[in-house]
Amino acid sequence: MLQTNLKHIESASDHQKILEENENVMICCGRMGPMCLPVYDIMEEFEPLYSHVKFYDMDFDIPDARVIRNAPECRGFMGLPFTVYYKNGKIVKATSSIQNEQQVRAILDSEFGNI
Amino acid sequence: MLQPETINKTNHYDAIIIGAGPAGLTAGIYLSRARARTLILNEGVVGGQMVLTHEIANYPGVEKTGGYQLSNIMKKQARSFGCEIRANIRISELHLEGDIKQVILSDGNAYTGNAVILAPGGRPRTMGADGESTFKGRGISYCATCDGDFFTGKEIVVVGGGNSALEEAVSLTKYVTKVTIVHQFDHFQAYQHAIDEAQSNPKIHFILNSTISAFHGSESLTSVDIQNLKTGEIREFKTDGAFIFIGYLPNTEFLAKIIELNEKGEIIVNGDMETSVRGVLAAGDCIAKRYRQVTTAIGDGTIAALSALNHLHQIKTRKSI
């Protein structure tokens, strides 16, 4: 399990349930590595601000993380973390590797609406 | 210039530190332990470039540790002395003249302080070549530790000729079948032991006096254009990945016209880490200096904190006369 303050997705069924129950979801799938940590930090900062978005992380190395690793939108990704944005259960945006606060904010605002 | 009567006491600090890398955190530890009310403001992740280092083996007194672990301990240490830390902020205005300095954030919050320490650090330099942003995370990486295993059994290029480039090229040979180092000069800037290790590794090959002028691919990177800097000739080179280690840029754009910078954008300081503005110190990778290590940043941060304390003492003494 990742040592972050975010809520963790620990299985494919968790992942499925979260997507069914929530309209706007951001999931960062990574490790405790230098390119991933900044994204988790940004999500922790944004979590209280974007109350209409659910923020989760998922350990890249657990077998069930295939739901993200193998998503068609992540084809060609070769940099951690894989960050995926879902609206009504469908992927609307996915990014590979480190993103800064402005990049994450821009996606949240454009896909899920401003705070 | 701000006047004392305009201070909001809740948002006033003895010292404000901009940046939470090793220099900023060290300054925070020293100042808060000396009972100076201290605030650290940081635009990115706490720990700065240090968290990008997988393993630190030359930090005196610690046999081996990770950059993330070390930065976490420093953060806890600073907080344990009462230092406040705000991360992921964005600075919109900076007023550094006079005895009361002011930092205004993009969220509208404003903070004042009697001393400011600038420790915004640096960021990995990018090449600016065609296709670089398109293939970031799709074959182009700036972190061997993070992304090395995506390239298992593949052939890659590493760009750069310093310690990072050569050491990371060697570490990537755990995964890949072939590394080609592309470097703009005919010699390396790295230490001799790193050069020797790379040159003696059978998986590592070299293309010197050359640079990458473009990245190509569809879903992910498939080739690069390598330009010979002596002849100008450009040739396509098939590759599955490119790792770029070509140094760092100081994060000082927001200080232009406020503080004296050199032609590289680095902050000019004296031996006491004082900048061109009284009461404003600077430390770490953002200052004009030759060597950039965690340990040198810590030394800079210590000196800047002690100079800031001296400055605070001078203000207090002046007021009491």
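If you're wondering where the values come from, they're calculated on a predicted model, not measured in any experiment. (Residues numbered from 1 in each chain as written. Chains lettered and ligands numbered in written order. Predicted model: local features only at pLDDT ≥ 70, side-chain atom pairs only at ≥ 80, totals over all residues. Heavy atoms only, no water.)

Novice: What is the right way to look at the interface of chain B and chain A in this model?
Specialist: By convention, interface size is frequently given as the accessible area that disappears when the constituent parts associate. If you look at the interface, chain B gives 23 residues, while chain A gives 26 residues. On inspection of chain B and its partner chain A, the count reaches 3 salt bridges. A salt bridge links Arg90(B) to Glu101(A); the nearest nitrogen and oxygen atoms lie 3.4 Å apart. (Contact = heavy atoms within 4.5 Å. Salt bridge = Lys/Arg side-chain N within 4 Å of Asp/Glu carboxyl O.)

Novice: For this particular structure, what's the right way to read the layout of surface pockets?
Specialist: Reported here for the second largest pocket is a volume of approximately 420 Å³. In this structure, the second largest pocket is lined by 18 residues; those nearest its centre are Asn5(A), Asp41(A), Glu44(A), Asn72(B) and Lys75(B). Considered class by class, the residues forming the lining of the second largest pocket number 7 nonpolar, 6 polar and 5 charged. (1 Å grid on protein atoms, 1.4 Å probe; cavity = no way out; pocket = protein on both sides within 12 Å on 5 of 7 lines; lining within 4 Å. Points joined across faces, edges and corners; volume = space filled by probe spheres on them. Nonpolar A, V, L, I, M, F, W, Y, C, P; charged D, E, K, R; others polar.)

Novice: What is the right way to read the packing of aromatic side chains from this model?
Specialist: The way to describe two aromatic rings as a pair is by their centre distance and the angle between their planes. Tallied over the entire structure, the rule returns 10 aromatic pairs over all chains. Between the aromatic rings of Phe60(A) and Phe150(B), the centroid separation amounts to 5.7 Å while the plane-to-plane angle is 70 degrees, which identifies the pairing as edge-to-face. In this pair, Phe60(A) sits in the loop between strand E3 (54-59) and helix H3 (66-69) while Phe150(B) sits in the loop between helix H3 (144-147) and strand E9 (155-159), so the two residues belong to two different chains. In terms of burial, Phe60(A) and Phe150(B) fall into one category: buried. Between the aromatic rings of Phe82(A) and Phe150(B), the centroid separation amounts to 5.9 Å while the plane-to-plane angle is 15 degrees, which identifies the pairing as stacked. Here Phe82(A) is found in strand E4 (residues 82-87), whereas its partner Phe150(B) is found in the loop between H3 and E9 on a different chain. As far as burial versus exposure is concerned, Phe82(A) and Phe150(B) are alike and both buried. Among the aromatic residues, ring-to-ring pairing joins Phe60(A), Phe77(A), Phe82(A) and Phe150(B) into one connected group. (Phe/Tyr/Trp six-rings, centres within 6.5 Å; stacked < 30°, edge-to-face > 60°. Helix = DSSP H or I, 4+ residues; strand = E, 2+ residues; numbered from the N terminus. Buried < 20%, exposed > 50% of the residue type's maximum accessible area, 1.4 Å probe, protein only.)

Novice: Just checking my understanding: could you explain the state of the cysteines for this structure?
Specialist: Each disulfide is one covalent bond, formed between the sulfur atoms of two cysteines. Using the criterion set out here, one finds 1 disulfide over all chains in the structure. Across the disulfide from Cys143(B) sits Cys146(B); the S-S distance is 2.3 Å. Negative torsions about the S-S bond denote left-handed disulfides, and the value of about 70 degrees found for Cys143(B) with Cys146(B) makes this one right-handed. On the accessibility criterion, Cys143(B) (3% relative accessible area) is buried. Assessed through its relative accessible area of 5%, Cys146(B) is described here as buried. Just so you know, Cys29(A) is unpaired, no disulfide at all, and the nearest cysteine sulfur is the one on Cys28(A), 7.6 Å from it. (Disulfide = S-S within 2.5 Å.)

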